[in-house]
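Descriptive analysis of the structure
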Amino acid sequence: MAAEAVLEGAEPGAVTVDLYDAMPSVGRKFLLAGKGGLNLTHSEPHDTFLSRYGKARDRLAPLLEAFDAAALRAWAGALGIETFVGSSGRVFPAGMKAAPLLRAWLARLRAAGLTVHARHRWRGWSGHELLFDTPRGARTAPADAVVLALGGGSWPQLGSDGAWAPVLAGRGVALSPLKPVNCGFDVRWSEHVRTRFAGAPVKTVVAFATDIEGREHRQPGEFVITEHGVEGGVIYALSAPLRDRIDAEGSVTLHLDLAPGREAARLADELAQPRGRRSLSTHVQSKAGLKGAKMALLREAVSAADLADPARLAAAIKALPLQLVSARPLAEAISTGGGVAFDALDGQLMLDAVPGVFCAGEMLDWEAPTGGYLLAACLATGRAAGLGACRWLGMKAEG
Ligand SMILES: Cc1cc2nc3c(=O)[nH]c(=O)nc-3n(C[C@H](O)[C@H](O)[C@H](O)COP(=O)(O)OP(=O)(O)OC[C@H]3O[C@@H](n4cnc5c(N)ncnc54)[C@H](O)[C@@H]3O)c2cc1C
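Quick summary incoming for the structure in this document. (Residues numbered from 1 in each chain as written. Predicted model: local features only at pLDDT ≥ 70, side-chain atom pairs only at ≥ 80, totals over all residues. Heavy atoms only, no water.)

1. Quick notes on the sheet that holds strand S3 (residues 83-85)
- Spatially, the 3 strands line up as an open sheet ordered S2-S4-S3, and their pairing is antiparallel. What marks the edges here is a single partner per strand, and that holds for strand S2 (41-42) and S3.
- Direction of pairing for S3 relative to strand S4 (residues 90-93): antiparallel, over a ladder of 3 bridges. The residue bridging Phe84 from the neighbouring strand is Phe92, located in S4.
- Most of the contacts of helix H5 (residues 69-78) go to S3, to which it runs at about 145°, and overall it touches S2, S3 and S4. (Pairing = 2+ DSSP bridges. Helix = DSSP H or I, 4+ residues; strand = E, 2+ residues; numbered from the N terminus. Contact = heavy atoms within 4.5 Å. Axes fitted to C-alpha atoms, helices over the stretch in contact; angles between N-to-C directions.)

Next up, the structure:
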């Protein structure tokens with residue numbers, strides 16, 4: 001996006017734009033996002049949309065206003081990729097794949113004059129020049145303006161390994177530590193749950209937890225039991241408050257309503273009906289509709305005495321406590337929090353400490369849930385950084 005903004009703003013031949021990437025090809029994480037359907041942005045009202053960025057909302061708002069969901073959809077459309085709004089309000093490309101979009105985009109950029117240098121790992125600076133490791137050894141390159149869009153630290157095998165953090169810190173750039181966002185969590189499962197239920201989806205629940213300031217967050221949806229703990233929809237959605245409480249307190253209790261839509265008192269009445277010779281599992285299945293993984297979770301977290309008491313059993317079904325002991329490692333997360341502090345940047349995303357160097361995308365210190373908010377902010381900040389570079393180069397920057 002940054003390269004595109006510069007190429008669009010320049011008179012033909014007036015500027016050369018080079019894109020360097022450590023990997024043998026560009027956009028690998030973008031392609032991975034395509035495996036899940038490539039959720040590009042969200043169609044909800046703009047104010048609600050902005051609220052998803054939490055503390056970074058005010059810093060991102062002008063950039064997301066300059067390149068909002070409608071602009072993003074028009075941009076994809078101009079590349080020949082129509083978009084549609086799914087039932088959840090999320091926006092996807094028709095075909096739900098990243099490859100056709102990336103292919104069309106790279107073709108347009110190359111036609112506009114972009115030169116791509118693959119297998120160039122940026123290491124920092126050598127004097128005033130950029131320093132790269134390449135298969136042919138170290139190489140330097142001059143640049144009048146630089147946009148860094150080096151990603152966070154998740155899925156490092158796709159190229160973004162966060163190795164830029166000490167390089168920028170060494171230049172006096174304020175950073176907060178990289179941390180997992182939209183991540184799974186570890187639970188100390190019994191051998192029974194780990195061996196019998198790893199991989200099992202748990203549908204449909206309402207998960208709820210209290211954040212560090214005492215506010216409750218509730219999320220309906222589903223999740224998956226893993227060998228290590230839990231991951232998936234509702235877990236990712238609550239991951240920021242859960243992670244922050246673990247960081248502060250060592251662990252956090254997530255509660256699960258295993259029977260959403262059923263009222264606790266009625267559930268207790270139903271469970272109090274005589275079960276005769278039926279096993280507890282059969283009784284709970286017929287009265288509360290729980291079986292399989294949900295039943296295993298119930299047995300995992302509730303004592304035999306509570307299981308035998310209809311009122312306490314109903315209470316446990318409506319608010320099953322699950323202790324989460326740690327976030328899964330950053331390398332496994334969907335996205336990264338922490339990174340370059342907004343206070344280290346001017347309004348054009350240029351580093352105060354390194355004039356002429358701009359930053360964009362996931363390497364900036366913001367976080368958001370899944371729902372298209374990640375790519376939307378990466379694209380908007382990329383465009384803003386490119387326009388900032390135009391201005392720095394003395395070019396006319398529209399928008
Ligand atoms: C499984 C998965 C699914 C996702 N699905 C979605 C989705 O549907 N919707 C959504 O909004 N978001 C999604 N995301 C998140 C989204 O893909 C990222 O937020 C986005 O790709 C970040 O863009 P970026 O350009 O900032 O960084 P990246 O896409 O990580 O790109 C950074 C680039 O910098 C290169 N690089 C890093 N360090 C160096 C270096 N030292 N030298 C040279 N090059 C370097 C890397 O090779 C990489 O190509 C998903 C993420 C994952 C892991």
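2. Regarding the site of the ligand
- The environment of the ligand is made up of 25 residues, and the closest members are Asp21, Trp122, Ser160, Glu362 and Leu375.
- Within the backbone of Ala22, a nitrogen or oxygen atom sits 3.0 Å from a nitrogen atom of the ligand.
- Taking 1000 Å² as the accessible area of the ligand by itself, protein coverage stands at 89%.
- Looking at the shell around the ligand, the elements that each hand over two or more residues are helix H2 (28-35), strand S6 (121-126) and helix H16 (373-392).
- Within the shell around the ligand, the residues separate by chemical class into 14 nonpolar, 7 polar and 4 charged. (Near = heavy atom within 4 Å. Polar contact = N/O pair within 3.5 Å; in protein donor to acceptor, adjacent residues only side chain to side chain. Areas by Shrake-Rupley, 256 points an atom, 1.4 Å probe, with all protein chains shown as cover. Nonpolar A, V, L, I, M, F, W, Y, C, P; charged D, E, K, R; others polar.)

3. Digging into the side chain of His42
- Within the secondary structure layout, His42 lies in strand S2.
- Side-chain polar atoms of His42 contact the backbone oxygen of Ser88, separated by 3.4 Å.
- Looking at His42, its side chain comes within polar contact range of the main-chain oxygen of Gly89, at 3.4 Å.
- Here His42 is in contact with Phe49, Ala69, Ser88, Gly89, Arg90, Val91, Gly371 and Tyr373, once residues within four sequence places are set aside.

4. A closer look at unusual backbone geometry
- Cis geometry marks the peptide bond from Lys203 to Thr204, where omega comes out at -25°.
- Looking at the secondary structure, you find Thr204 in strand S12 (residues 201-210).
- Located in the positive-phi region is Met96, a residue other than glycine, with phi close to 50°.
- Topologically, Met96 is positioned in the loop between S4 and helix H6 (99-111).
- In this model, Leu349 sits at a positive phi of 70°, which is unusual for a non-glycine residue.
- With respect to the secondary-structure elements, Leu349 resides in the loop between strand S18 (335-340) and strand S19 (357-359).
- A relative accessible area of 2% means that Leu349 is categorised as buried. (Buried < 20%, exposed > 50% of the residue type's maximum accessible area, 1.4 Å probe, protein only.)

5. Section: helix H4 (residues 57-66)
- For H4, the complete set of buried residues consists of Leu60, Ala61, Leu63 and Leu64.
- Along its buried surface, H4 packs onto helix H3 (46-51) and H16.

6. Regarding the packing of helix H11 (residues 264-272) against helix H12 (residues 280-288)
- For the pair H11 and H12, the least separation of the axes is 9 Å and the interaxial angle reads 135°. One way to sum up the angle between H11 and H12 is to call them oblique. The two elements H11 and H12 meet at a crossing, and its hand is right-handed. The segment H11 lies against H12, with Leu267, Glu270 and Leu271 engaging His283, Val284, Lys287 and Ala288.
- A class-by-class count of the residues in the contact of H11 with H12 yields 4 nonpolar, 1 polar and 2 charged. (Parallel < 35°, antiparallel > 145°, perpendicular 65-115°, else oblique. Left-handed = near helix turned anticlockwise from the far one by under 90°.)

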